[in-house]
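Chain and residue survey
Below, each chain spelled out in residue letters.
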Amino acid sequence: MSATRRRIGVLGGSFDPVHHGHLAAASDVCATLDLDLMLLVPVNVQPFKLDEGAANADDRLEMCRLAVNGDERFEVSAVDVDRGGVTYTVDTLRDLHAEYPDAEIFFVTGTDALERFHEWRDAETLSELATFVGVTRPGHSLSESNTPHTLVEVPAMAVSSTDVRRRVTEGAPIRYLVPRAVADYIAEHDLYAGGMDE
């Protein structure tokens, strides 16, 4: 067995619901940084976003699992949901280090989130736990910052979870914004208090 440390990416978020923008970003980061594995880690409760009408944690976990099914590069971790309470990145990374003690961890987030890095809990210790990877999003760039980071450009996809939820509520189609299995799950479980057209 190789002595090389596994390179594991961690893409955390609400994933409410997971969509093609999330998956395209994860795929590009995997390829660019030559990662061995990308973990999608749905938060339990996000400290900066307390959305009403959100799907529960079990539904968000299952949608993530459906979205990555069949792609050996991706797995879904329930570490934040299992811990419960408000999710903080420092807790996520500490728990993942315990689970993958020999891995090199890369935490993936939007450059807009990295702009607020100083507001994150225990921000001063986070860079000891992971390399932070900022994915570029339309209209966002990382201003001068002392935050250690790597930048990866990803395809600009004009899709957001907020828009997907709105479209479901309005009965508008979401078929090509999210994986088919996720669209089917949303319809079958009547998530986001609306119907869905094909």
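A short tour of the structure in this document, coming up. None of the values given here were measured: they were computed from a predicted structure. (Residues numbered from 1 in each chain as written. Predicted model: local features only at pLDDT ≥ 70, side-chain atom pairs only at ≥ 80, totals over all residues. Heavy atoms only, no water.)

On to unusual backbone geometry. A cis amide bond, omega 5 degrees, links Asp 16 with the succeeding residue Pro 17. Residue position: Pro 17 is located in the loop between strand E1 (7–13) and helix H1 (20–33). Of note in the backbone geometry, Asp 122 takes a positive phi value of approximately 55 degrees without being a glycine. Inspection of the secondary structure assignment puts Asp 122 in the loop between helix H5 (111–114) and helix H6 (123–129). For Asp 122, a relative accessible area of 29% corresponds to the partly exposed category. The backbone of Asp 190 shows a phi angle near 50 degrees, a positive value even though the residue is not glycine. Given a relative accessible area of 52%, Asp 190 falls into the exposed group. (Helix = DSSP H or I, 4+ residues; strand = E, 2+ residues; numbered from the N terminus. Buried < 20%, exposed > 50% of the residue type's maximum accessible area, 1.4 Å probe, protein only.)

Within a regular strand, the side chains alternate between the two sheet faces. Among the 6 residues that make up strand E2 (residues 37–42), 6 are buried, leaving the element largely enclosed by the rest of the structure. Residue alternation in E2 divides its side chains into two sets, Leu 37, Leu 39 and Val 41 and Met 38, Leu 40 and Pro 42, and both sets are buried. The sheet contact formed by E1 and E2 spans 6 bridges and is parallel. When the bridges of E2 are listed, Leu 11 appears paired with Leu 40. As a crossover connection, the stretch from E1 through H1 into E2 is right-handed. (Pairing = 2+ DSSP bridges. Right-handed = clockwise from strand over helix to strand, strands pointing away.)

Quick look at the pairing of strand E5 (residues 131–135) now. The element E5 is extensively covered by neighbouring structure, given that 4 of its 5 residues are classed as buried. As paired elements, strand E4 (residues 104–110) and E5 share 5 bridges and run parallel to each other. Opposite Phe 106, over in E5, you have Thr 131 as the bridge partner. Note that E5 and strand E6 (residues 150–152) share 3 bridges and pair parallel. Opposite Val 135, over in E6, you have Val 152 as the bridge partner.

Bringing the nonpolar core into the picture now. In terms of nonpolar packing, the biggest core is built from 40 residues, with Val 18, Val 29, Met 38, Leu 40, Met 63 and Ile 186 touching the most fellow members. Those elements that provide at least two residues to this core are H1, E2, helix H2 (57–68), strand E3 (74–76), E4, E5, helix H7 (161–170) and helix H8 (180–188). Residue contacts for Met 38: discarding those within four places in its chain leaves Gly 9, Val 10, Leu 11, Ala 26, Val 29, Cys 30, Arg 73, Phe 74, Glu 75 and Val 108. Val 41, Ile 105, Phe 107 and Phe 117 belong to the second-largest nonpolar core, a separate cluster that totals 21 residues. (Core = buried A, V, L, I, M, F, W, Y, C linked by side-chain atoms within 4.5 Å. Contact = heavy atoms within 4.5 Å.)

Moving on, we get to the side chain of Thr 92. With respect to the helices and strands, the residue Thr 92 is situated in helix H4 (residues 89–99). Each residue touching Thr 92, except ones within four places of it in the same chain, is listed here: Val 41, Val 79, Asp 80, Arg 83 and Thr 87.

Honestly, it's all geometry; don't read function into it.
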